[in-house]
Amino acid sequence: MLKIKNLHAKVEGLKILKGIDLEINAGEVHAIMGPNGSGKSTLSSVIAGKEEYEVTRGEIVFEGEELTEFDAEERAHKGVFLSFQYPVEIPGVTVTNFMRTVINANRKAKGMEDMPANEMLKMIREKSELLEIDRKFLSRSLNEGFSGGEKKRNEIFQMAMLEPKLAILDETDSGLDIDALRIVANGVNKLKKPDNATLVITHYQRLLDYIIPDFVHVMLDGKIVKSGGKELAYELEEKGYDWIKEEVGA
Amino acid sequence: MELKDKLLSSFLAFEENVDMHSDIHEVRSRAIKDFEEMGFPTKKQEAWKYTSLNKVLKHDYTVFPKKEDTIDYRDVEKYFIDDIDTYKIVFIDGIYASHLSATTHEKIDACLMSSALNNSKYKPIIDNYFNTVAPKESLTSLNTAFSREGAFIHIPKNTMADKPIQVINFSTGNESALLVQPRNLIVVGENSHVQIIERHQSLTDHPVLTNSVTEIYADKRAIVDYYKIQNDNHQASLIDNTFIEQHRESNCSVHTFSFGGNLTRNNLNFYQKGERIDSTLKGITVIGGKQHVDHNTLVHHTEPNCESHQDYKGVFAESSTGVFNGKIIVNKEAQKTNAFQANNNILLDDKATINSKPQLEIFADDVKCSHGCTIGQLDDDALFYLRSRGIPLKEARALLMYAFANNVLESVKIPELKARITKIIALKLGVNVGYSL
């Protein structure tokens with residue numbers, strides 16, 4: 001589904017990604033772990049198409065197409081979804097109306113008519129139950145005054161509405177208490193299907209107790225330096241990152 | 001002939017037209033002398049530094065409109081907030097249009113200035129309040145000199161107006177360029193409450209200059225909510241002078257929504273004369289082309305424990321210009337004043353301009369005053385967020401501008417009006433409003 005080869009990227013003139021190789025197939029859950037500043041969030045933004053991040057070398061092939069040729073919105077239409085670490089507040093636009101705008105923008109891109117209102121409401125109701133979101137929440141302005149947990153739950157709610165092929169969860173566990181973490185992880189797990197894939201980006205092993213990865217990658221200084229199964233996450237939790245730095249001679 | 005001279009010579013003819021013996025004959029005569037002395041404001045004056053009236057004043061305006069009575073309700077229906085029941089005081093070219101109006105004298109008076117000026121029943125109110133709130137200032141004096149028509153609203157004490165009042169000034173300038181000068185007086189008694197929606201709307205392409213003066217007197221514990229819809233066509237210019245005197249524990253708000261017009265100048269002054277008064281001044285400006293909108297506000301705190309809240313937002317496209325000049329005066333006696341002022345702007349094009357100038361004159365030492373002004377572009381992170389959800393760039397930009405301006409609407413207390421303004425903003429910004437945002 002996703003093949004990243006020798007990806008290099010710059011942010012404001014600084015080289016952040018220095019040769020990433022990563023392959024994700026349908027049905028798989030991958031986790032990228034790494035210390036602060038290793039380039040994890042940059043990688044997720046580059047895949048989603050943030051314009052300010054410049055790809056200088058390498059390729060990102062998604063379902064046979066070179067993603068860097070497309071704008072962020074076109075990548076979304078193709079089925080790439082990024083759950084933001086810091087979702088943006090949009091005062092005056094309710095969660096429900098934002099979802100309508102988003103769903104219909106995606107339908108329009110596929111040459112489809114707007115979704116009928118009753119169908120939309122039904123879908124919103126179903127998906128919000130999945131994330132244990134109550135109705136009052138849906139009529140609040142998007143992310144405005146939301147707690148950390150509410151913001152993340154709302155991100156996964158959007159993911160549930162869009163049903164992407166590839167979901168990238170950028171530090172989805174940060175700022176979550178244990179209950180919110182459970183709800184969010186539960187939502188992600190329920191959305192898992194044989195034809196979609198998930199990339200979890202995280203600092204801590206904690207989230208991976210709930211979303212069990214098939215592969216764990218360790219990122220250091222803009223490169224993936226070690227890959228393994230889920231046991232690698234436990235090892236990192238126990239021993240930190242220093243032993244890997246030594247092992248790879250960083 | 002210069003417009004000033006033309007106006008001075010028109011004054012005699014005007015006075016002959018109206019009742020020479022009316023009580024305000026002297027007020028008018030004094031006002032024309034004041035105007036003669038002061039003339040029109042120029043950019044040399046600090047308060048007019050960023051707004052030039054030169055172009056607007058070069059038209060050969062007449063102050064004697066012909067009565068226009070061919071306009072049918074259906075032609076102008078869309079300019080009313082028609083999904084709620086309201087009183088309506090409607091003028092066409094400054095002349096009362098009874099067939100479009102719905103006035104009242106039951107419990108409250110929502111009627112005409114001309115009838116209030118000529119009816120002895122209203123003499124005490126005219127004597128007590130007319131031209132008492134408005135300061136001596138050139139354009140206000142000019143309006144006073146030619147004052148004859150406008151809205152007269154009187155809410156006696158302990159009365160809640162049972163429905164909002166719409167004051168709508170249509171202009172046709174059916175012969176040539178027209179200068180209209182509505183004069184409104186609104187007196188709200190103790191513990192009383194009223195909501196007013198005001199609109200100026202030109203119906204033709206003739207140049208129209210409106211120089212409007214509204215005096216509002218809010219007695220103790222009165223609540224006044226005033227909404228100004230400025231969405232006129234691009235040949236029409238508006239100088240709106242609104243003066244509000246508030247007494248103890250009263251609560252007044254003015255929301256100004258500026259989307260249309262060629263040149264719009266809002267002089268909005270709040271004079272607080274009592275303790276525990278609350279004043280709210282809010283505005284949304286969304287303009288483009290060569291439009292110009294100037295908000296010139298004053299809040300004068302004279303007694304302790306009062307508050308004022310100002311929140312003005314502007315979105316400026318193409319070569320439009322905006323001005324915000326917000327003055328707050330806190331007298332020595334006005335301890336424990338809370339005065340807030342915010343002016344946030346987004347410039348969409350290189351040629352768009354905003355001049356934002358807070359002026360705080362604080363003579364008391366135990367006060368909280370804050371002011372903040374921002375001028376910026378749209379946030380890249382926010383744009384990326386929306387685009388990553390599949391919303392195309394153009395719509396994402398519009399949605400962010402909409403969100404930026406929209407929170408000013410939270411304090412609008414008439415839901416139908418809020419919906420209307422939301423729709424105008426969405427249309428202006430090209431956001432899809434197939435549903436209510």
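Residues numbered from 1 in each chain as written. Chains lettered and ligands numbered in written order. Predicted model: local features only at pLDDT ≥ 70, side-chain atom pairs only at ≥ 80, totals over all residues.

### As for the overall build of chain B
1) Next: Helix and strand content of chain B: ten helices and 20 strands.
2) Next: For chain B, whose C-alpha radius of gyration is 21 Å, the value lies close to the compact-globule estimate of 22 Å for 437 residues.
3) Next: Summarising its shape, the C-alpha atoms of chain B cover approximately 70 × 55 × 45 Å along the three principal directions.
4) Next: Looking at chain B as a whole, 51% of its 437 residues qualify as buried.
5) Next: Restricting the contact set of chain B to residue pairs at least 6 apart, pairs at least 24 apart contribute 83%. (Helix = DSSP H or I, 4+ residues; strand = E, 2+ residues; numbered from the N terminus. Rg over C-alpha atoms; globule rule 2.2 N^0.38 Å. Buried ≥ 20, exposed ≤ 12 C-beta atoms within 10 Å, placed from the backbone. Contact = placed C-beta atoms within 7 Å.)

### Brief notes about the overall build of chain A
1) Next: Summing up its helical and strand segments, chain A has nine helices and twelve strands in all.
2) Next: Taken over the C-alpha trace, chain A has a radius of gyration of 18 Å; the compact-globule value for 250 residues is 18 Å, and the two agree within 12%.
3) Next: Counting only C-alpha atoms, chain A reaches 60 × 40 × 35 Å along its principal axes.
4) Next: Across the 250 residues in chain A, those meeting the buried criterion constitute 44%.
5) Next: Expressed as a percentage of contacts within chain A between residues at least 6 apart in sequence, the contacts between residues at least 24 apart total 72%.

### Things to note about the sheet that holds strand β12 (residues 223–228) of chain A
Residue and element names in this part refer to chain A.
1) Next: Here we have six strands laid out as an open sheet, ordered β6-β9-β10-β3-β11-β12, and mixed in their pairing. The open sheet has two edge strands with one neighbour each: β6 (80–83) and β12. Each neighbouring strand pair of the sheet contributes to a mean axis angle of 20°, computed without reference to strand direction.
2) Next: The pairing of strand β9 (residues 166–170) with strand β10 (residues 197–202) spans five bridges and is classified as parallel. (Pairing = 2+ DSSP bridges. Axes fitted to C-alpha atoms, helices over the stretch in contact; angles between N-to-C directions.)

### Considerations on the confidence of the model for chain B
All names here are of chain B.
1) Next: Here chain B shows a mean pLDDT of 93. Residues at 70 or above account for 97%.
2) Next: This stretch, residues 433–437, has a pLDDT under 50; its non-local contacts, to residues over four places away or in other chains, come to eleven contacts.
3) Next: Confidence estimates for the predicted assembly give a pTM of 0.84 and an ipTM of 0.96. (pLDDT = per-residue confidence, 0-100.)

### Considerations on the environment of serine 370 of chain B
All names here are of chain B.
1) Next: Looking at where serine 370 falls in the secondary structure, it is placed in strand β20 (residues 368–376).
2) Next: With 11 C-beta atoms counted inside 10 Å, the residue serine 370 sits in the exposed group.
3) Next: In the structure, serine 370 is positioned ten residues away from leucine 360 in sequence and 9.2 Å away in space, judged by C-alpha atoms.

### Topic: the interface of chain B and chain A
1) Next: Contacts between the two partners involve 19 residues from chain B and, on the opposite side, 25 residues from chain A.
2) Next: Elements represented by at least two residues in the side of chain B that touches chain A include exactly α8 (380–387) and α9 (393–406) of chain B.
3) Next: Per-element accounting of the side of chain B that touches chain A gives the leading share, six residues, to α8 of chain B.
4) Next: In terms of residue class, the side of chain B that touches chain A is built from ten nonpolar, four polar and five charged. (Nonpolar A, V, L, I, M, F, W, Y, C, P; charged D, E, K, R; others polar.)

### With respect to helix α7 (residues 138–145) of chain B
Residue and element names in this part refer to chain B.
1) Next: The buried fraction of α7 is high, at seven of eight residues.
2) Next: Here α7 has its buried residues at Leu139, Thr140, Ser141, Leu142, Asn143, Thr144 and Ala145.
3) Next: Contacts made by the buried residues of α7 are with α1 (3–17), α2 (25–38), β7 (183–188), β9 (208–218) and β11 (236–247).

### Regarding the sheet that holds strand β18 (residues 338–347) of chain B
All names here are of chain B.
1) Next: The strand order across the open sheet built from ten strands is β2-β1-β5-β8-β10-β12-β14-β16-β18-β20, with neighbouring strands paired in mixed fashion. Sheet topology places β2 (95–96) and β20 at the edges, where each strand pairs with a single neighbour.
2) Next: Relative to strand β16 (residues 307–316), strand β14 (residues 278–287) runs parallel, the two sharing ten bridges. Bridged to lysine 282 within β16 is aspartate 311.
3) Next: Strands β14, β16 and β18 of the sheet are contacted by α9, whose axis makes an angle of about 160° with β16.

### Structural notes on the environment of alanine 76 of chain A
1) Next: Structurally, alanine 76 of chain A can be placed in helix α2 (residues 72–78).
2) Next: Excluding residues within four positions of it along the chain, alanine 76 of chain A makes contact with Phe81 and Asn106 of chain A together with Ser388, Arg389 and Gly390 of chain B.

### A short note on the nonpolar core
1) Next: Counting 161 residues, the largest nonpolar core has Ile168 of chain A together with Leu399 of chain B as its most contacted members.
2) Next: Among the elements that line this core, the one with the most residues is α9 of chain B, at nine residues.
3) Next: Not counting residues within four places of it along the chain, the set of residues in contact with isoleucine 168 of chain A comprises Ser44, Ile47, Ala48, Phe81, Leu82, Ser83, Leu199 and Ile201 of chain A. (Core = buried A, V, L, I, M, F, W, Y, C linked by C-beta atoms within 7 Å.)

### Focus on the pairing of strand β12 (residues 251–258) of chain B
Residue and element names in this part refer to chain B.
1) Next: Counting buried positions along β12 gives seven out of eight residues, so the element sits mostly inside the fold.
2) Next: Pairing of strand β10 (residues 223–230) with β12 involves eight bridges; the strand directions are parallel. Looking at the pairing, isoleucine 229 lines up with phenylalanine 257 of β12.
3) Next: Here eight bridges tie β12 to β14, and the two strands are oriented parallel to one another. Bridge pairing links phenylalanine 257 to isoleucine 284 in β14.

### Things to note about the pairing of strand β3 (residues 29–33) of chain A
Residue and element names in this part refer to chain A.
1) Next: Judged by how many residues are buried, β3 sits mostly within the fold: five of five residues are covered.
2) Next: Burial of the side chains of β3 extends over both faces: Val29, Ala31 and Met33 are buried on one face and His30 and Ile32 on the other.
3) Next: Here β3 pairs with β10 via five bridges, running parallel. Residue pairing across strands places methionine 33 opposite threonine 202, the latter belonging to β10.

### With respect to the packing of helix α4 (residues 117–130) of chain A against helix α6 (residues 148–162) of chain A
Residue and element names in this part refer to chain A.
1) Next: The geometry of α4 relative to α6 is characterised by a closest axis approach of 9 Å and an angle of 135° between their N-to-C directions. The angle between the axes of α4 and α6 places the two elements in the oblique class. The interaxial crossing formed by α4 with α6 has right-handed handedness. Across from Met123, Lys127, Ser128 and Leu130 in α4, the residues of α6 making contact are Phe157, Ala160 and Met161.
2) Next: For the contact of α4 with α6, the class distribution of residues is five nonpolar, one polar and one charged. (Parallel < 35°, antiparallel > 145°, perpendicular 65-115°, else oblique. Left-handed = near helix turned anticlockwise from the far one by under 90°.)

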